Amino acid sequence: MNCLSAMFKYMLYFLNLVFVAGGILLIVVGSIMLSTMGNFTAFDGGVNTQTIPICIIVIGCVTFVVAFFGCCGTIRENACCTTIYAICMLILFGLQLALSIWIFAANDKFLSSMGKAVDKAWDENNAAQGYPMDALQLAFTCCGNTGYEQYETVPSSCCGYKDRNKVCEAAIYSQRPGCRQEFVDFWASNTDLIRWSSLIIALFELGIFIMSCCLASAMRKR
């Protein structure tokens, strides 16, 4: 193996270690997002607010597994494993790029749909539906759709109490913002992070694909 091939080998190994860490980070970010939303999900026919966090966790798991095996294939200098790894990286590049482009193109529409999800929760905030606003108010420390003034009797969840029989004090709920804006702001900040990080990761994956192809070609010529 010549000097250039050896350089590609160790660069790939280092980048794979970075991607292993990146995969773990995506899993953690997705898990935190799911945990933050609590039990708040979509209704029949509505937008599933847990779809993106779950997708992030899945992408993180796939990235971790591919990068881990990439490390093994690179160190063992196996041309077949390195070629398969390059193909996996090309597929990941396409998926990451598609996700980034979709979020850039549909960001406003997506945020609007998140606002509508809260509107629907407010419209169906009754015992038959299990008081969906409670989950939102507990998770985002907010009150009402646009504010506590919308309630005739402010529920205990506006004060962070899970027991609906507790009395919510005005000193607490009067300081809490409306849930619609809080929920949209939460997604706005996270989609900004996701779309830029997805684009950067996609470019790294393209570079790794090119280096993997070069390294696999050099391995076959030995």
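Residues numbered from 1 in each chain as written. Predicted model: local features only at pLDDT ≥ 70, side-chain atom pairs only at ≥ 80, totals over all residues. Heavy atoms only, no water.

You'll find the protein entered in an unreviewed UniProt entry as Tetraspanin, with Drosophila mauritiana given as the organism. According to the UniProt record, the Subcellular location (unreviewed entry) comment for the protein is "Membrane". The UniProt entry for the protein carries the following comment under Sequence similarities (unreviewed entry): "Belongs to the tetraspanin (TM4SF) family." (UniProt positions renumbered as here; feature names shortened; annotations may be inferred.)

Caption draft 1: Structural view of helix 4 (residues 132-140). In terms of burial, helix 4 is a largely internal element, seven of the nine residues being buried. Among the residues trailing helix 4, Thr141 stands out with phi positive, at a value near 45°. (Buried < 20%, exposed > 50% of the residue type's maximum accessible area, 1.4 Å probe, protein only. Helix = DSSP H or I, 4+ residues; strand = E, 2+ residues; numbered from the N terminus.)

Caption draft 2: Fine view of the UniProt feature "transmembrane region" (unreviewed entry) in the protein. As recorded in UniProt, the sites labelled "transmembrane region" (unreviewed entry) are residues 12-38, 50-72, 84-105 and 193-218. The straight-line gap between the two end C-alpha atoms of residues 84-105 is 32 Å; of that span, 100% is helix and 0% is strand. Spanning residues 193-218, this segment combines 100% helix with 0% strand, and its end C-alpha atoms are found 37 Å apart.

Caption draft 3: Local environment of the packing of helix 3 (residues 79-123) against helix 6 (residues 179-220). One way to put it is that helix 3 packs onto helix 6 with a least axis distance of 7 Å and a crossing angle of 165°. Taken as axis vectors, helix 3 and helix 6 run roughly antiparallel relative to one another. Note on packing geometry: the crossing formed by helix 3 with helix 6 is left-handed. Residue classes in the contact of helix 3 with helix 6 are distributed as 32 nonpolar, ten polar and six charged. (Axes fitted to C-alpha atoms, helices over the stretch in contact; angles between N-to-C directions. Parallel < 35°, antiparallel > 145°, perpendicular 65-115°, else oblique. Left-handed = near helix turned anticlockwise from the far one by under 90°. Nonpolar A, V, L, I, M, F, W, Y, C, P; charged D, E, K, R; others polar.)

Caption draft 4: Seen up close, the environment of Cys61. Assignment of secondary structure puts Cys61 in helix 2 (residues 51-76). For Cys61, a relative accessible area of 35% puts it in the partly exposed group. In sequence terms Cys61 and Cys168 are 107 residues apart; their C-alpha atoms lie 42 Å from each other.

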